[in-house]
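Analysis of the macromolecular model
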Amino acid sequence: MAEGATFPKIARCGVHTMANVPFDKLGGKLWYNGELVDWDAGRFHILTHGLHYGSCVFEGERAYGGKIFKHQEHTDRLFKSAEILGMDISYSNKELFDAGYESLEAQGFTDAYVRAVAWRGSEMMAISAQQTTTHVAVICWDMGSYFDPEARMAGIKLQWAKYKRPSPECAPVHAKAAGLYMICTMSKHEAEANGFNDALMVDWRGYVAECTGANIFFVKDGALHTPTPDCFLNGITRQTVIELAEKAGVEVVERHIMPEEVSEMQEVFIVGTAAEVTPINQIGDIHYQVGEVTRTLLTDYHNHVRGI
Ligand code: PMP
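Please read these numbers as outputs of a predicted model, since none were measured by experiment.

Calculation rules
Residues numbered from 1 in each chain as written. Predicted model: local features only at pLDDT ≥ 70, side-chain atom pairs only at ≥ 80, totals over all residues. Heavy atoms only, no water. 1 Å grid on protein atoms, 1.4 Å probe; cavity = no way out; pocket = protein on both sides within 12 Å on 5 of 7 lines; lining within 4 Å. Points joined across faces, edges and corners; volume = space filled by probe spheres on them. Helix = DSSP H or I, 4+ residues; strand = E, 2+ residues; numbered from the N terminus. Nonpolar A, V, L, I, M, F, W, Y, C, P; charged D, E, K, R; others polar. Near = heavy atom within 4 Å. Polar contact = N/O pair within 3.5 Å; in protein donor to acceptor, adjacent residues only side chain to side chain. Areas by Shrake-Rupley, 256 points an atom, 1.4 Å probe, with all protein chains shown as cover. Core = buried A, V, L, I, M, F, W, Y, C linked by side-chain atoms within 4.5 Å. Buried < 20%, exposed > 50% of the residue type's maximum accessible area, 1.4 Å probe, protein only. Contact = heavy atoms within 4.5 Å. Expected span 1.5 Å × (residues − 1). Pairing = 2+ DSSP bridges. Axes fitted to C-alpha atoms, helices over the stretch in contact; angles between N-to-C directions. Parallel < 35°, antiparallel > 145°, perpendicular 65-115°, else oblique. Left-handed = near helix turned anticlockwise from the far one by under 90°.

Further remarks concern empty space enclosed by the protein. All told, the structure shown has two cavities of 30 Å³ or more when counted by the stated rule. What the largest cavity holds in volume is close to 60 Å³. Lining the largest cavity, in full, are Glu61, His71, Thr75, Leu78, Leu96, Gly100, Val114, Ala116, Val136 and Val138. Secondary-structure elements contributing two or more residues to the lining of the largest cavity are helix H2 (71–84), helix H3 (93–107), strand E5 (112–120) and strand E6 (134–141). Top element by residues in the lining of the largest cavity is H2. It accounts for three residues. Classifying every residue of the lining of the largest cavity gives six nonpolar, three polar and one charged. Quantified by volume, the second largest cavity comes out at close to 40 Å³. Residue lining of the second largest cavity: Arg62, Tyr64, Phe69, His74, Ile236, Thr237, Thr273 and Tyr301, and that is the complete set. Taken together, the residues of the lining of the second largest cavity break down into four nonpolar, three polar and one charged.

Shown next, in the form of structure tokens:
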């Protein structure tokens, strides 16, 4: 950590809305199929393909000080995810890039979570979706820390998940697609029921993979070790943290990591747009301290996204 820098103070938990009202009652404006509409107009019919058959891709972004962090990369990934699922987005990359800012500005936010989502509509109701059109929305809301802020700074607890990340032969693993989150929610619920904050999943081969909505890093003898993203999302935050670590002179090793190795690690943290950099103090029954490398990268990321 640079001299004089302070460990950032994190505000409230952002999973629930600021006022603790349901998301459909938040109010304001959102971008829906090419125009800004009232919050209440952000609806679709119950017979929507995306809802029944998981034909839905999305992005999670954050705006800091009026700038959506790595907005172009996220917009590109939305198009890539749609392409992988064979969904045709009828807006241009620039139109959806601009939609992010239109939605943010219509809400009057400078700091917010930005959710772009594309899904197949209700023209056809069968597994085949050849006649459906793709709908797109971009919605912004006020979001603080993804995890409880106090728990987050002390480090959160991970439970091993029962479900595994599937092989690329079993699912479109590089798409940010809604259907891939079914096992994430189930794993997260089980972890929370057992007093943990999140679940850590292995992949189909048994290698350590990622958490339910974030990538994972380990510190061992001063170097960063992180699983090779060959069957899960190579997160934009993950890529950013690797760059920041290299800039800070920390060696980064991308490799397959076995669960047995976790007990040999000195520090652990997870990264994602929502999670940002979140220290881990427990995996199963193994405990960790929040160490210097984690604290440095947490602060570096906090500053980097704000252009500091
Ligand atoms: N893995 C999963 C399953 C996720 O949901 C996310 C969050 N999008 C990530 C990793 C991290 O991705 P990013 O850093 O691009 O937000």
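Now that the structure has been shown, the text picks up again.
Here we come to the site of the ligand. As a matter of local geometry, the ligand sits amid 14 residues, with Lys176, Tyr181, Glu210, Thr237 and Thr273 nearest to it. Contact distances for the ligand include 2.7 Å between a nitrogen atom and a side-chain N or O atom of Lys176. In this structure, an oxygen atom belonging to the ligand sits 2.8 Å away from a main-chain N or O atom of Ile236. Summarising the interface, the protein chains cover 95% of the accessible area of the ligand, which totals 380 Å² for the free molecule.

Let us now look at the nonpolar core. One finds Trp31, Val57, Ile89, Leu96, Leu104 and Val136 to be the most contacted residues of the largest nonpolar core, which totals 29 residues. If you list the elements that add at least two residues to this core, you get strand E3 (56–64), H2, H3, E5 and E6. Val57 has contacts with Leu78, Ser81, Ala82, Leu85, Met87, Ala116, Val117, Ala118, Lys176 and Ala177, leaving out every residue within four places of it along the chain. Counting residues in hydrophobic clusters, the runner-up holds 20 residues, among them Leu244, Val252, Leu297 and Val305.

For the rest of this paragraph, the subject is H2. With 14 residues, H2 should reach 20 Å at 1.5 Å per residue; the first-to-last C-alpha distance of 20 Å fits that figure. Of the positions making up H2, those classed as buried are His71, His74, Thr75, Arg77, Leu78, Phe79, Ser81 and Ala82. Elements in contact with the buried residues of H2: E3, strand E4 (67–68), H3, E5 and helix H6 (236–247). Following H2 by one or two positions, Gly86 has its phi on the positive side, about 75 degrees.

With that settled, consider the sheet that holds E6. Sheet architecture is open: six strands sit in the order E2-E1-E6-E5-E3-E4, paired in antiparallel fashion. Each having just a single partner strand, strand E2 (35–38) and E4 make up the two edges of the open sheet. Pairing analysis gives two bridges linking strand E1 (residues 29–32) to E6, with the strands arranged antiparallel. Note on E6: the bridge partner recorded for Tyr32 is Ala137. Strands E3, E4 and E5 of the sheet are contacted by H2, whose axis makes an angle of about 175 degrees with E3.

Quick look at the pairing of strand E14 (residues 276–283) now. Taking burial as the measure, the eight residues of E14 include eight buried ones, the bulk of the element. Taken together, the three bridges between strand E7 (residues 156–160) and E14 define a ladder with parallel strand orientation. Of the residues in E14, the one forming a bridge with Lys157 is Gln282. Relative to E14, strand E13 (residues 267–272) runs antiparallel, the two being bridged by five bridges. Bridge pairing in E14 places Gly272 opposite Glu276. Counting the residues in the hairpin turn of E13 and E14 gives three residues.

Next up on the list: the packing of H6 against helix H7 (residues 292–305). Two numbers describe how H6 lies on H7: the axes approach to 10 Å, and their chain directions differ by 110 degrees. Judged by the inter-axis angle, H6 sits roughly perpendicular to H7. Handedness of the crossing formed by H6 with H7: right-handed. Of the residues in H7, those in contact with Thr237, Thr240, Val241, Leu244 and Ala245 of H6 are Leu297, Asp300, Tyr301 and His304. Counted by class, the contact of H6 with H7 contains five nonpolar, three polar and one charged residues.

Treat this as a map of the structure, not an account of what it does.
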